[in-house]
Amino acid sequence: MDEIDALRGMRTALTREEAPDRLAQRIDWRSARPAAEAPRRRGRLKMPLVSLATAAAVSAAAVAVVSLASDERPPGGPSSPTVLTGNALLVAATNAEKAPTGRYWHTKRVAGKVYAVGKTAADHYKVDTSREYETWVDRDGKSHSFMTDRPARPVTAEDRRRWQAAGSPDEILAPDPDGVMVSLFVKSLGPRSPMPSPPDAYSFHGLTVRQLAELPTDAKALEKTLLGLKGNWHAYSKDFSQRPVREPIRSLRGAERVRALSDVAGDLLANQPVPPGVRAAAFKMLAGLPGVTVKGQGTDPLGRTGTVVSLPLETTTPLGIYSAPKQLGTYRRQWIINPANGTLLAVQDLVATPPKGSRRLPPGDDGKPRRLTVDYQPDRFHRPGEVSSYEVYTVTEWTDTQPR
Amino acid sequence: MAPARAVSRPPGQLDDEAIVAASLEEPEAFGELFRRHSPRLHAYVQRRLGPALADDVVAETFATAFRQRARFDGRAAFGAWLWGIASKVIARHHRQESRMYRAFARTGVDPAVDGVAELASARAAATALGPHLAKALAGLKAQDRNAVLLLAWADLSYAEIAVALDLPLGTVKAKIHRARAKLRKALPEETNDG
């Protein structure tokens, strides 16, 4: 053994790396004093280590205000209270509450879906296709929205190689659940285009902008209000003759209720013009729902690092962000959150069991019966754990900047 | 042992240098660098100074890096630059660090590991060689100790250590060579076969 190896065997108990979230909760580097300004601390031989650390913590806290008042404000603002339980959702709640407010609620979100191109599992490649939506809502409920088609792209390096082997086509044909082949375009499809604003006043499950602004900032009270929201909350019904029922979330039980509440909470966090306090309450409410678990670090579909929150939906058959009844697999939903600034980064559905079999669909316009078949499932070659569809939230902010 | 070099990133994710550049316009972006580097840096610092001081040193390191980010020129990896800042902060605790090594050498109990759960096998190995190494580490000059521990505990390359300590490569090699000779002398004869 040489001396470097011997050193490597020393203090191995201290080499364990902690998750960045845990460190971020404990280590408030944003208000730490810079090394150059630190006063010299005279070592005192008899002083136990723990007292040294406490002294350092106290002096660091004492200068926090001063360093924040300097010419450049470090990101993130003052420290959040340390949450010892390590519950990322509660940390997110604390930090969500500190977000600034403004005249306009401004969001950008990217909704994407992964399509398999090819005839067999052995010889196919996957393409990610997405659209970006940008929206401003003012406090009167007037909204402006824009949409941009983003270029489709092969998902992995291997997918890219296969796409190139196919001649690097600009236009890729892939089966869609509607039973048709859709075109996916690799080239940019031009600038964003305005989306017509809805003719009605802004509404979120029947709540006006003003009612959204006045939602409770207490988690229990918020949950109570949301339980009263009416909608068709079932993922899909086998009985097509039955008209969709509008019922309050309160009438659902178990996993269905958790799914409905988490869907609404996600929508509030990512899209809706609610004050920071309501966003904080939504995080807290989610933390209290049965089966919601924090899973550690992960990346969202744009590669941003965050904390994964798993929703208890593994056994739910069809669950899709926008095409629930047209899926034949089962899915597991994940949130990726950034506890440090209290934002929801993304919601993604991972394949739990790949699609199989077929299912009857309601008759089409021509009155003929239709079937959903596995050949037209975009995720027919997905393996469990691979992303089927996602929404990524790149901007969620109150701002005074005019819509542009 | 932590992996030595930067972790590979999913496609589309910015590299460290691009994030530093972006953080000049958008300070928030710098938080990502904390996410990426703090676990490994924290582990390194607590190995040098013990868990009680590690949080403070990591906080100071990132605070300094954030304030000086405009000075980061991107010619070297961000990691090496960050470890260089950490080395300066650690150096301010030089005497505390030496004191712990000496206590370990004298008593056979490492104050840095005190209270940290440890595998019995790791403890046995540490007890065998630890006090000898600790004694030698206590006797090293600050910069020699920095260099050799950046190699052994931070897994930096010689070139990265040169960047971190802002020294010519040849000087780094000489420092590490000198430190290794002292450590080798401190080890019991029978293990001195490499």
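A brief structural summary. Keep in mind that this is a model prediction, so the values were computed, not measured. (Residues numbered from 1 in each chain as written. Chains lettered and ligands numbered in written order. Predicted model: local features only at pLDDT ≥ 70, side-chain atom pairs only at ≥ 80, totals over all residues. Heavy atoms only, no water.)

**Regarding the overall build of chain A**
Stated formally: Think of it this way: any DSSP run of H or I at least four residues long counts as a helix, any run of E at least two long counts as a strand, and we number them from the N terminus. Relative accessibility decides the category of a residue: with a 1.4 Å probe and only protein chains considered, values under 20% of the type maximum give buried, values over 50% give exposed, and everything between is partly exposed. The criterion used for residue contact is that any of the two residues' heavy atoms lie within 4.5 Å. Method for areas: the Shrake-Rupley scheme with a 1.4 Å probe, in which residue coverage is limited to the protein chains shown.
When you go through chain A residue by residue, the secondary structure sums to nine helices and 15 strands. Sorting the 404 residues of chain A into buried and exposed places 47% on the buried side. Partitioning the contacts of chain A with sequence separation of at least 6, the portion at a separation of at least 24 is 64%. Surface accessibility of chain A: about 20000 Å² in total, with carbon and sulfur atoms responsible for 53%.

**Some details on the side chain of His124 of chain A**
All names here are of chain A. Mapped onto the elements of the fold, His124 is located in strand E2 (residues 124-138). Residue His124 is classed as buried on the basis of its relative accessible area of 8%. Beyond its immediate stretch of four places on either side in the chain, His124 contacts Ala116, Val117, Gly118, Arg162 and Phe381.

**Here we look at the sheet that holds strand E10 (residues 305-310) of chain A**
Residue and element names in this part refer to chain A. Here is the rule we go by: Strands were regarded as paired on the criterion that DSSP finds at least two bridges between them. Inter-axis angles, ranging from 0 to 180 degrees, are taken between N-to-C directions of lines fitted to C-alpha atoms, where helices are fitted over the stretch in contact.
Spatially, the nine strands line up as an open sheet ordered E6-E3-E2-E1-E15-E12-E11-E10-E9, and their pairing is antiparallel. One side of each edge strand has no neighbouring strand; the edge strands of this open sheet are strand E6 (193-195) and strand E9 (293-299). Across this sheet, the average inter-strand angle for adjacent strands is 25°, counted without regard to direction. Of the pairings in the sheet, the one linking strand E1 (residues 104-118) to strand E15 (residues 387-399) comprises 10 bridges and is antiparallel in character. Bridge pairing links Trp105 to Trp398 in E15.

**Observations concerning the nonpolar core**
As a reminder of what qualifies: Residues belong to one nonpolar core when they are buried, are Ala, Val, Leu, Ile, Met, Phe, Trp, Tyr or Cys, and are joined through side-chain atoms within 4.5 Å.
Of all hydrophobic cores here, the largest spans 60 residues; its most connected members are Leu7 and Met10 of chain A together with Leu137, Leu150, Trp153 and Ile161 of chain B. For Met10 of chain A, the contacting residues outside a window of four places in its chain are Arg47, Tyr101, Phe104, Gly130, Leu133, Ala134, Leu137 and Trp153 of chain B. Ala88, Leu215, Leu252 and Val292 of chain A belong to the second-largest nonpolar core, a separate cluster that totals 47 residues.

**Considering the pairing of strand E12 (residues 343-353) of chain A**
Residues and elements named next belong to chain A. For E12, the tally of buried residues reaches nine of 11 residues, placing the bulk of the element in the interior. Two strands pair when backbone bridges link them, and strand E11 (residues 330-338) and E12 are joined in this way by nine bridges, in the antiparallel orientation. Among the inter-strand pairings, Arg333 is bridged to a residue of E12, identified as Asp349. Hairpin geometry of E11 and E12 is characterised by an intervening segment of four residues between the two adjacent antiparallel strands and by a positive phi of about 65° at Gly342.

**Comments concerning the packing of aromatic side chains**
All names here are of chain B. Selection criterion: Working definition: rings of Phe, Tyr and Trp (its six-membered ring) pair if their centres are within 6.5 Å, and the pair is stacked with planes under 30 degrees apart, edge-to-face with planes over 60 apart, and tilted otherwise.
Following the criterion strictly, the structure yields eight aromatic pairs over all chains and no others. Residues Phe30 and Phe66 carry aromatic rings whose centres are separated by 5.4 Å and whose planes lie at 70° to one another, so their mutual orientation is edge-to-face. With Phe30 in helix H2 (residues 30-49) and Phe66 in helix H3 (residues 51-67), the pair connects residues that are 36 residues apart, well separated along the chain. Assessed through its relative accessible area of 3%, Phe66 is described here as buried. Ring plane angle 85° and centroid distance 5.7 Å describe the contact between Phe72 and Phe78, whose orientation is recorded as edge-to-face.

**Some words on the pairing of E2 of chain A**
All names here are of chain A. Counting buried positions along E2 gives 14 out of 15 residues, so the element sits mostly inside the fold. Sheet topology places E1 next to E2; 15 bridges connect them, and they run antiparallel. Bridge pairing links Ala116 to Lys126 in E2. Here E1 hands over to E2 after five residues, the two strands then running antiparallel side by side.

**Digging into the environment of Glu391 of chain A**
Applicable threshold: In protein, a polar contact means a hydrogen-donor-capable atom and an acceptor-capable atom, both N or O and within 3.5 Å, with residues adjacent in sequence counting only if both atoms are side-chain atoms; elsewhere, any N or O pair within 3.5 Å suffices.
Within the element layout of this structure, Glu391 of chain A appears in strand E15. Polar side-chain contacts of Glu391 of chain A include one of 2.9 Å to the side chain of Arg109 of chain A.

**Overview of the packing of helix H8 (residues 254-270) of chain A against helix H9 (residues 276-288) of chain A**
Residues and elements named next belong to chain A. Note the cut-off: Should an angle fall under 35 degrees it is taken as roughly parallel, and over 145 as roughly antiparallel, whereas 65 to 115 is taken as roughly perpendicular and any remaining angle as oblique. By definition, any crossing whose near helix is turned counterclockwise from its far helix by less than a right angle is left-handed, and any crossing with a clockwise turn is right-handed.
The N-to-C vectors of H8 and H9 enclose an angle of 150°; their axes lie 9 Å apart at closest approach. Between H8 and H9, the interaxial angle falls into the category roughly antiparallel. At the point where H8 passes H9, the crossing takes the left-handed sense. The residues of H9 that touch H8, namely those facing Leu261, Ser262, Ala265, Leu268 and Leu269, are Arg279, Ala282, Phe283, Met285 and Leu286.

**Some points on the pattern of salt bridges**
Side-chain pairs of opposite charge can arise where the charged atoms are in close proximity. Applied cut-off: The working definition used for a salt bridge is a side-chain nitrogen of Lys or Arg within 4 Å of a carboxyl oxygen of Asp or Glu.
Applying the stated criterion across every chain, the model contains 30 salt bridges over all chains. Glu3 of chain A is the salt-bridge partner of Arg180 of chain B, the closest N and O atoms lying 2.7 Å from each other. With one member in each of two chains, Arg180 of chain B in helix H9 (residues 169-186) and Glu3 of chain A in helix H1 (residues 3-8) form a pair that bridges those chains. A residue is classified by how much of its surface remains accessible, and Glu3 of chain A, at 1% relative accessible area, is buried. Residues Arg26 of chain A and Asp55 of chain B are paired through a salt bridge, measuring 2.5 Å at the closest nitrogen-oxygen approach. Here Asp55 of chain B lies in helix H3 and Arg26 of chain A lies in helix H2 (residues 20-26), a pairing that spans two chains. Residue classification places Asp55 of chain B among the buried positions, given a relative accessible area of 17%.

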